Amino acid sequence: MLQILIRSLLLIEVLFYIWFGGHLSSLGLSAGAIAASIVLIAVLWRVSHALTTYCFAMALRWRDNRTLPFGNSLAALASELRARIISYNWSQAFPGLSLGTDPIGSGGGPPILLVHGFFSNRGMWLSFRSRLAGANVGRVYTVTLEPLNGSIEAMMPTLESRIDAIIHETGQEKIIVVAHSMGGLLARAYMAQVGAARLAKLITLGTPHHGSQIAALGLFECAKQMRYRSPWIEMLEDLEAANPPAIPALSIYTLNDDLVYPPESSVLEWEGAENVPVSAVGHVALLYSEPIAKRVIAAIRKVALPA
């Protein structure tokens, strides 16, 4: 569904540029001036996507008197802009072309399932998936969650069936789940309801484990569930308190996140969970960062190696 929506928006944008270029031509502008005008509009349009959430997050930090190094903030914005341009103009619009089929990679470790976050699809993992495959830490799979505008519970059957299919295909008893943003909450909800017997480790990237104040801007049911300290978040924590997940977990999050605020919301409070804060990288950019990928690969190798 998302790929159709993105393709439709890109088509509308192209049609607008054709019309706009024709209009400028009728006014007597040169071909070079027309091309420069179209490129400028395209760049500003894409910059606005990252800049809007960046400014909103900055406003919340100013409100709460939280200061971050200016250089780190600019680096995070630049990384986020690059990541969103790639993911929302190429990999998520054309996931079949950009990623191909699953699985990729090899190695003796458990299978790895990459679970995307809010308003995304499997194309979000373009760079990260390739880095995992190149490290030979195990066969790497992806999933596209549906329905796009539903609740987190409504996405549960898609995740559960994907996990079951990977277990059946590989003959392995357990898999490793690497989840971005909302995907981490979905993985937790899966374990709370189905159990953690099929998971060897949970690794989350930028997941709002306690919700996000910025999720108040979201319109879909899953966004409402991700609001800071929402009733849904508290219900999930109650389920986990009654039956604590007995698997190792790692939460990596960025202090410069423009979609998860406050950043400590990404701290996973399971017993024995490892929490790693980073900086100078954006929310989507976590999936395009080589240092982040190396941290995850190191964590996966610890699971894959025999005791």
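Keep in mind the model is a prediction, meaning the values are calculated, not measured. (Residues numbered from 1 in each chain as written. Predicted model: local features only at pLDDT ≥ 70, side-chain atom pairs only at ≥ 80, totals over all residues. Heavy atoms only, no water.)

What follows covers the packing of aromatic side chains. Both the distance between ring centres and the angle between the ring planes are used here to describe each pair of aromatic rings. Considering all chains together, one arrives at nine aromatic pairs under this definition. Here the aromatic rings of tryptophan 19 and phenylalanine 20 are separated by 6.5 Å at their centres, their planes lie at 40 degrees, and the arrangement is tilted. With a relative accessible area of 17%, phenylalanine 20 lands in the buried category. Relative to phenylalanine 128, the ring of tryptophan 125 lies with its centre 5.4 Å away and its plane at 70 degrees, an arrangement referred to as edge-to-face. Three or more aromatic residues joined by ring pairs make a cluster, and in this case those are Phe16, Tyr17, Trp19 and Phe20. (Phe/Tyr/Trp six-rings, centres within 6.5 Å; stacked < 30°, edge-to-face > 60°. Buried < 20%, exposed > 50% of the residue type's maximum accessible area, 1.4 Å probe, protein only.)

Looking at where valine 276 falls in the secondary structure, it is placed in strand S6 (residues 274–278). Sequence separation of valine 276 and tyrosine 253 is 23 residues, and the distance between their C-alpha atoms is 6.4 Å. (Helix = DSSP H or I, 4+ residues; strand = E, 2+ residues; numbered from the N terminus.)

Moving on: helix H6 (residues 152–170). An α-helical turn contains 3.6 residues, so a residue and the one three or four places further along point in the same direction. Compared with the 27 Å implied by 1.5 Å per residue over 19 residues, the 27 Å span of H6 between its first and last C-alpha is a close match. Just beyond H6, the residue with positive phi is glycine 171, at close to 75 degrees. (Expected span 1.5 Å × (residues − 1).)

Burial along strand S2 (residues 140–143) is two-sided: the face carrying Val140 and Thr142 and the face carrying Tyr141 and Val143 are both buried. Note: strand S1 (residues 112–115) against S2, four bridges, orientation parallel. If you follow isoleucine 112 over to S2, its bridge partner there is valine 140. In terms of handedness, the path from S1 via helix H5 (residues 126–134) over to S2 forms a crossover that is right-handed. (Pairing = 2+ DSSP bridges. Right-handed = clockwise from strand over helix to strand, strands pointing away.)

Put simply, glutamate 146 and proline 147 share a cis peptide bond, and its omega is 0 degrees. Residue position: proline 147 is located in the loop between S2 and H6. Along the chain, tyrosine 261 connects to proline 262 via a cis peptide bond; the corresponding omega equals 0 degrees. Within the secondary structure layout, proline 262 lies in the loop between strand S5 (249–254) and S6. Of note, phenylalanine 119 is a non-glycine position whose phi angle comes to about 50 degrees, a positive value. Inspection of the secondary structure puts phenylalanine 119 in the loop between S1 and H5. Although it is not a glycine, arginine 229 adopts a positive phi angle of roughly 55 degrees. With respect to the element layout, arginine 229 can be found in the loop between helix H8 (221–225) and helix H9 (231–242). Assessed through its relative accessible area of 33%, arginine 229 is described here as partly exposed.

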